[in-house]
Amino acid sequence: QQQVKQSPQSLIVQKGGISIINCAYENTAFDYFPWYQQFPGKGPALLIAIRPDVSEKKEGRFTISFNKSAKQFSLHIMDSQPGDSATYFCAASAGTALIFGKGTTLSVSS
Amino acid sequence: SAVISQKPSRDICQRGTSLTIQCQVDSQVTMMFWYRQQPGQSLTLIATANQGSEATYESGFVIDKFPISRPNLTFSTLTVSNMSPEDSSIYLCSVQQGQNTEAFFGQGTRLTVV
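Rules used in this analysis
Residues numbered from 1 in each chain as written. Chains lettered and ligands numbered in written order. Predicted model: local features only at pLDDT ≥ 70, side-chain atom pairs only at ≥ 80, totals over all residues. Heavy atoms only, no water. Pairing = 2+ DSSP bridges. Helix = DSSP H or I, 4+ residues; strand = E, 2+ residues; numbered from the N terminus. Axes fitted to C-alpha atoms, helices over the stretch in contact; angles between N-to-C directions. Buried < 20%, exposed > 50% of the residue type's maximum accessible area, 1.4 Å probe, protein only.

### Brief notes about the sheet that holds strand β7 (residues 68-72) of chain B
Residues and elements named next belong to chain B.
Part 1: With respect to topology, 4 strands assemble into an open sheet ordered β1-β3-β8-β7, the strand pairing being antiparallel. Since the sheet does not close on itself, it has two edges, and those belong to β1 (4-7) and β7, each with one partner. Across this sheet, the average inter-strand angle for adjacent strands is 15 degrees, counted without regard to direction.
Part 2: Across 6 bridges, the pairing between strand β3 (residues 19-25) and strand β8 (residues 75-80) is antiparallel. In the strand pairing of β8, Ile21 is matched with Leu78.

### Brief notes about unusual backbone geometry
Part 1: The peptide bond linking A:Ser7 to A:Pro8 adopts the cis configuration, its omega dihedral lying at -5 degrees.
Part 2: Geometrically, the link from B:Lys7 to B:Pro8 is a cis peptide bond, its omega value of -5 degrees lying close to zero.
Part 3: Tracing the backbone through its elements, the reader meets B:Pro8 in the loop between β1 and β2 (10-13).
Part 4: We note that A:Lys71 has phi near 55 degrees; this positive angle belongs to a residue other than glycine.
Part 5: When you line up the elements, A:Lys71 lands in the loop between β7 (62-67) and β8 (72-77).
Part 6: What makes A:Lys71 partly exposed here is its relative accessible area of 22%.
Part 7: In this model, B:Asn100 sits at a positive phi of 55 degrees, which is unusual for a non-glycine residue.
Part 8: Along the polypeptide, B:Asn100 turns up in the loop between β9 (89-96) and β10 (103-105).

These figures capture arrangement, not role.
Here you go:
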């Protein structure tokens, strides 16, 4: 399967800090880039998504930055809260199924 | 949105046996997929479930091992056949209403093969 590379594998952030997770892709046919949040024992749930015609999308405390020329995109979580502690997956699609990154386990310490 | 009911939620099975996992959606959807997620790992696409025709499998997954049915737009099954301990994983059903739209996931089936 075409790869989406995600880093870091794990992240510890103080409450109120900024969490940043990065992803990179190779397939230029990808045209949809969502981020999913997963809590233990649950299926992933959509957090925010972007298409390559924009460079940034913000929803509340969550922002996606997209760099089409570098084939990279990132998730920024502002004012991180303990309730944000979860696993985050970036993904990409060319109109069919999602291809997921390996995931980042975020722990927000209070 | 779409609400997915996946059954069973978990099972412990003997090696060599088969388990069929059901995925029921509360509305008609165009796209249904099956993923595997090993504990602490990412989601790997097994196949696209096609309504009324054979599923489309990803590299490394074959129909004899993972037969899939999709008789209508709201229901699909995945069978894990002739199981071995290496099949122990979480299996997830996912649906989308169209291309590049939100994907909804079931809560998954946690399978342990002993």
